[in-house]
Amino acid sequence: MGNSEYLVVMQIPHWQLPPGVSHGTWEYTQRDSIATDYDDYFAFNSLFEFDEALLAEEFQPPGLVADLGCGTARALVPLVKNGHRGLAIDLSEPMLKIVEDKAAEEELDIRCVKANLVELNDNVVPTASVDYAMCMFSTLGMIQGHVNRERVMVNTLRMLKPGGKLVVHVHNFWFNLYDPGGPRWLARNLLEGTFGRRVEVGDKFFAYRGVTDMYLHVFRPRELRRLFTEVGFKIHRWVPLEVARRHALQRPWLFPSLRANGWIVVGQKPASA
């Protein structure tokens, strides 16, 4: 990305940003370099192996899978190769271009849709048209504001067929206790999020891959459960993840809220909905 393009991305006024999208997230989605380097950046990372196995297990029989915040479709491509059809949804044109190239090169049944997850209305993805949905790699946490994250869940419930499943990965708020400076950040964030108006409890801003103010919301367990159940999902499966995120947490009954790196949660739309 050239300097002029970088400045255009950075200078968008707050009121022009899509709902739920921070300045850092907007920059992340618009930078060509993030998209073109994405697969290489994670090429030797084994984190996805557990996710891939869980998705393959939960998404049966084959059907239409909506990948919410698909990136370069690392999670979607293996599913489509095994008989599913894919709907790749992202706000990033550079990411979707890579998905289109992958689909054309390997003759994969993937349709790309550029959209903000907060604004996925019936005109973008019809009601009850999707068998499965997934929002992996803490993408839900990249949505700024509880109201906007709730809208994403409502939109997803609407697009799923009765009995359809949603798989979500998020990070654990309390796991910050183990980071350098983490306890201090937790105390400050709890105070600011409880008594202030600028941030919510769980909001983090940090430097990531050249983006100086990347946004991520990290979840408390009760908050995450309510996000599913209050919009109408039934929690089908709740998987606490171990430190390196390569498998489920061992002895999950032992202080899981403090020990889990994050969670993979499988929600299901009631069959009668």
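Above this text sits the structure in question.
As a starting point, this report considers the structure included with it.

To continue, consider the packing of helix H3 (residues 32-41) against helix H6 (residues 93-106). Two packed helices can be described by the angle between their axes and the distance between those axes. Across the interface, H3 lies against H6 with an axial gap of 8 Å and an inter-helix angle of 40 degrees. When the axes of H3 and H6 are compared, the pair comes out oblique. Facing Asp32, Ile34, Ala35, Thr36, Tyr38 and Asp39 of H3, the residues of H6 in contact are Pro94, Met95, Ile98 and Lys102. When grouped by side-chain class, the residues that make up the contact of H3 with H6 number 6 nonpolar, 1 polar and 3 charged.

A separate point is the nonpolar core. Core analysis: the biggest nonpolar cluster contains 34 residues, and Leu68, Ile89, Leu140 and Leu166 have the highest contact counts within it. When residues of this core are traced back to their parent elements, those giving at least two are strand E1 (64-68), strand E2 (85-90), strand E4 (130-135), helix H7 (146-159), strand E5 (160-171), helix H9 (221-229) and strand E9 (262-268). Excluding its chain neighbours within four sequence positions, the residues that come into contact with Leu140 are Cys135, Arg149, Val152, Met153, Val168, Val170, Phe219 and Leu227. Listed in part, the 27 residues of the second largest apolar core include Leu54, Leu55, Leu76 and Val167.

The 7 strands lie next to each other as E3-E2-E1-E4-E5-E9-E8, forming an open sheet whose pairing is mixed. Each edge of the open sheet is held by one strand with a lone partner, namely strand E3 (110-114) and strand E8 (234-240). Taking the axes of each pair of neighbouring strands and ignoring which way they run, one obtains an average angle of 15 degrees across the sheet. Here E4 pairs with E5 via 5 bridges, running parallel. If you follow Met134 over to E5, its bridge partner there is Val167. The strands touched by helix H4 (residues 48-58) within the sheet are E4, E5, E8 and E9, with E8 carrying the most contacts at an inclination of about 155 degrees. Contacts between H7 and the sheet are confined to E1, E4 and E5, with E5 contributing the most and set at about 150 degrees to the helix.

Before going further, it helps to examine unusual backbone geometry. Pro61 follows Gln60 through a cis peptide bond whose omega is 0 degrees. Its place among the elements puts Pro61 in the loop between H4 and E1. The phi dihedral of Ser138 is positive, around 60 degrees, even though this residue is not glycine. Topologically, Ser138 is positioned in the loop between E4 and H7. Here Ser138 falls in the buried class, since its relative accessible area comes to 2%.

Moving on, we come to the pattern of salt bridges. For the coordinates displayed, the defined rule picks out 14 salt bridges. Among the salt bridges present, the one from Arg245 reaches Asp51, with a minimum N-O distance of 2.4 Å. On the criterion of sequence distance, the pair formed by Arg245 in the loop between E8 and helix H10 (256-259) and Asp51 in helix H4 is long-range, its members being 194 residues apart. Exposure class is identical for Arg245 and Asp51. Each is buried. The residue Asp101 makes a salt bridge to Lys97 at a minimum N-O spacing of 3.0 Å. In this pair, Asp101 and Lys97 are both assigned in helix H6, 4 residues apart and thus about one turn of the helix distant. Put simply, Glu57, Glu58, Lys165 and Arg237 are held in one network by salt bridges that share partners.

To continue, consider the side chain of Thr29. By the element assignment, Thr29 lies in helix H2 (residues 23-30). Taking the relative accessible area as the measure of exposure, Thr29 reaches 8% and is therefore buried. Among the polar contacts listed, one links the side chain of Thr29 to the backbone oxygen of Trp26, at a separation of 2.9 Å. In this structure the side chain of Thr29 is engaged in a polar contact, spanning 2.8 Å, whose partner is the side chain of Gln30. Once residues lying within four places of it in the same chain are set aside, the contact partners of Thr29 are Leu91, Ser92, Glu93 and Pro94.

Once that is clear, we can look at the environment of Pro78. On the secondary structure map, Pro78 appears in helix H5 (residues 76-81). As a C-alpha pair, Pro78 and Leu55 span 23 residues in sequence and 9.7 Å in three-dimensional space. Sequence-distant contacts of Pro78, that is, excluding residues within four places in its chain, are made with Phe48, Glu52 and Ala73.

Within the secondary structure, His146 sits in helix H7. C-alpha separation for the pair His146 and Glu223, spaced 77 residues apart in sequence, amounts to 9.7 Å. Leave out the neighbours within four places in its chain, and His146 touches Glu200 and Leu227.

Conventions and cut-offs
Residues numbered from 1 in each chain as written. Predicted model: local features only at pLDDT ≥ 70, side-chain atom pairs only at ≥ 80, totals over all residues. Heavy atoms only, no water. Axes fitted to C-alpha atoms, helices over the stretch in contact; angles between N-to-C directions. Helix = DSSP H or I, 4+ residues; strand = E, 2+ residues; numbered from the N terminus. Parallel < 35°, antiparallel > 145°, perpendicular 65-115°, else oblique. Contact = heavy atoms within 4.5 Å. Nonpolar A, V, L, I, M, F, W, Y, C, P; charged D, E, K, R; others polar. Core = buried A, V, L, I, M, F, W, Y, C linked by side-chain atoms within 4.5 Å. Buried < 20%, exposed > 50% of the residue type's maximum accessible area, 1.4 Å probe, protein only. Pairing = 2+ DSSP bridges. Salt bridge = Lys/Arg side-chain N within 4 Å of Asp/Glu carboxyl O. Polar contact = N/O pair within 3.5 Å; in protein donor to acceptor, adjacent residues only side chain to side chain.

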